[in-house]
Amino acid sequence: MQVTFRIRRYNPEVAGKDKPYWQEFTLDDVEPTDRVLELLHRIKWEQDGTLALRRSCAHGVCGSDAMRINGVNRLACKVLMKDVGTKIQVEPILGLPVLKDLIVDMEPFFEHYRSVMPYFVNDDPPPADGRERLQSQEDREKFDDTTKCILCACCTTSCPSFWANGEYVGPAAIVQAHRFIFDTRDQAAKERLDILSAPNGVWRCRTIFNCTPACPREIEVTRALGEVKLAIRKGSPEGVIKV
Ligand code: SF4
Ligand code: F3S
Ligand code: FES
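All values derive from a computational prediction rather than experimental measurement. (Residues numbered from 1 in each chain as written. Chains lettered and ligands numbered in written order. Predicted model: local features only at pLDDT ≥ 70, side-chain atom pairs only at ≥ 80, totals over all residues. Heavy atoms only, no water.)

Caption draft 1: Summary view of the site of ligand 1. Close to ligand 1 lie 13 residues; Cys-149, Ile-150, Cys-152, Cys-155 and Cys-215 are nearest. Taken together, the residues of the shell around ligand 1 break down into 12 nonpolar, no polar and 1 charged. (Near = heavy atom within 4 Å. Nonpolar A, V, L, I, M, F, W, Y, C, P; charged D, E, K, R; others polar.)

Caption draft 2: A look at unusual backbone geometry. Although it is not a glycine, Met-117 adopts a positive phi angle of roughly 55°. Positionally, Met-117 belongs in the loop between α3 (107–115) and α4 (137–141). Since its relative accessible area comes to 12%, Met-117 is described here as buried. Located in the positive-phi region is Ala-153, a residue other than glycine, with phi close to 80°. Looking at the element boundaries, Ala-153 is found in the loop between α4 and α5 (160–164). (Helix = DSSP H or I, 4+ residues; strand = E, 2+ residues; numbered from the N terminus. Buried < 20%, exposed > 50% of the residue type's maximum accessible area, 1.4 Å probe, protein only.)

Caption draft 3: Main features of the packing of helix α7 (residues 189–197) against helix α9 (residues 221–234). Here α7 crosses α9 at 105°, and the two axes come no closer than 10 Å. When the interaxial angle is binned, α7 and α9 end up roughly perpendicular. Counted together, Leu-193, Leu-196 and Ser-197 of α7 and Val-228, Ala-231 and Ile-232 of α9 form the full contact between these two elements. Here the residues of the contact of α7 with α9 sort into 5 nonpolar, 1 polar and no charged. (Axes fitted to C-alpha atoms, helices over the stretch in contact; angles between N-to-C directions. Parallel < 35°, antiparallel > 145°, perpendicular 65-115°, else oblique. Contact = heavy atoms within 4.5 Å.)

Caption draft 4: Spotlight on the packing of helix α6 (residues 171–181) against α9. Contact pair α6 / α9: the axes reach a minimum separation of 9 Å and the direction vectors enclose 60°. One element, α6, and the other, α9, form an angle in the oblique class. Helix-helix and strand crossings are classified by hand; for α6 and α9 the assignment is left-handed. Counting all contacts with α6, which are made through Pro-171, Ile-174, Val-175, His-178 and Ile-181, the residues of α9 involved are Val-221, Ala-224, Leu-225, Glu-227 and Val-228. (Left-handed = near helix turned anticlockwise from the far one by under 90°.)

Caption draft 5: Structural view of the nonpolar core. Judged by nonpolar contacts, the single largest core of 66 residues is most densely connected at Phe-5, Ile-7, Leu-40, Leu-196 and Val-228. Beyond its immediate stretch of four places on either side in the chain, Phe-5 contacts Gln-23, Glu-24, Phe-25, Leu-27, Val-36, Leu-39, Leu-40, Ile-43, Ile-88 and Val-90. (Core = buried A, V, L, I, M, F, W, Y, C linked by side-chain atoms within 4.5 Å.)

Caption draft 6: Just the sheet that holds strand β2 (residues 21–27), in detail. Taken in spatial order, the 5 strands make up an open sheet running β2-β1-β5-β3-β4, and their pairing is mixed. Two strands close off the open sheet at either side, each with one partner strand: β2 and β4 (72–75). Averaged over all adjacent pairs, the angle separating strand axes in this sheet is 35°, with direction ignored. Relative to strand β5 (residues 87–91), strand β3 (residues 66–69) is paired through 2 bridges, and the arrangement is antiparallel. Residue pairing for β5: Ile-69 is matched across the bridge by Val-90. Sitting on the sheet, helix α1 (residues 36–47) is in contact with β1 (3–9), β2 and β3, with an inclination near 95° to β2. (Pairing = 2+ DSSP bridges.)

Caption draft 7: Structural view of the site of ligand 2. As a matter of local geometry, ligand 2 sits amid Cys-159, Tyr-168, Pro-171, Cys-205, Arg-206, Thr-207, Ile-208, Phe-209, Asn-210, Cys-211, Thr-222 and Leu-225. A class-by-class count of the residues in the shell around ligand 2 yields 8 nonpolar, 3 polar and 1 charged.

Shown next, in the form of structure tokens:
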């Protein structure tokens, strides 16, 4: 089967390529079960070694190959050719500065991530018997979904509110904050809720819902944001039921 790719290119170091442009490539002998990442590798290795893309695990785990495929944010390693057809358009995710071809600068994204205290806080000494801090299954369930985030940025870079204002902390950072806010063993929920109450915090979310279908881990992103909003209104994560 023959497949045609239309790829957004950009190379700031080469005259004539230092403005974004589209380039087409044709591949023969493509199987319906080939992944888009494999096909991009074939283009890079067989036709144009200058094509720049980011990837690592090739198995949907590292989150490094987020890109816009036929207008939808996806991980290239998780998308089969048969699911996107024989004409495939690939471009960088939106809202972050493009460095080269499909590679964007993730630093603004990780800056937002770091701003929400995405780590466990508990100043009490650990249990004397050397065991872990225990938690009921019911309490663990409250943040189970948001532990699955791999920080791929598919959600944040599909959010029109983020496109309009890159200072918005974005859904990925809020998902990460949710994971700790709703952990009953953590002691910094109030600080995180204060951070997310700021003008560029969770209230920039207008419930547009692009983020939820964009998530390759099938996290209910908009629901998590709704729970954080409810916790802010109540002044505490306690008693917030699944929305
Ligand atoms: Fe990626 Fe989903 Fe995490 Fe957003 S919530 S960064 S889409 S894994
Ligand atoms: Fe954006 Fe998702 Fe909210 S797309 S506006 S973060 S529901
Ligand atoms: Fe790691 Fe796709 S290359 S998630």
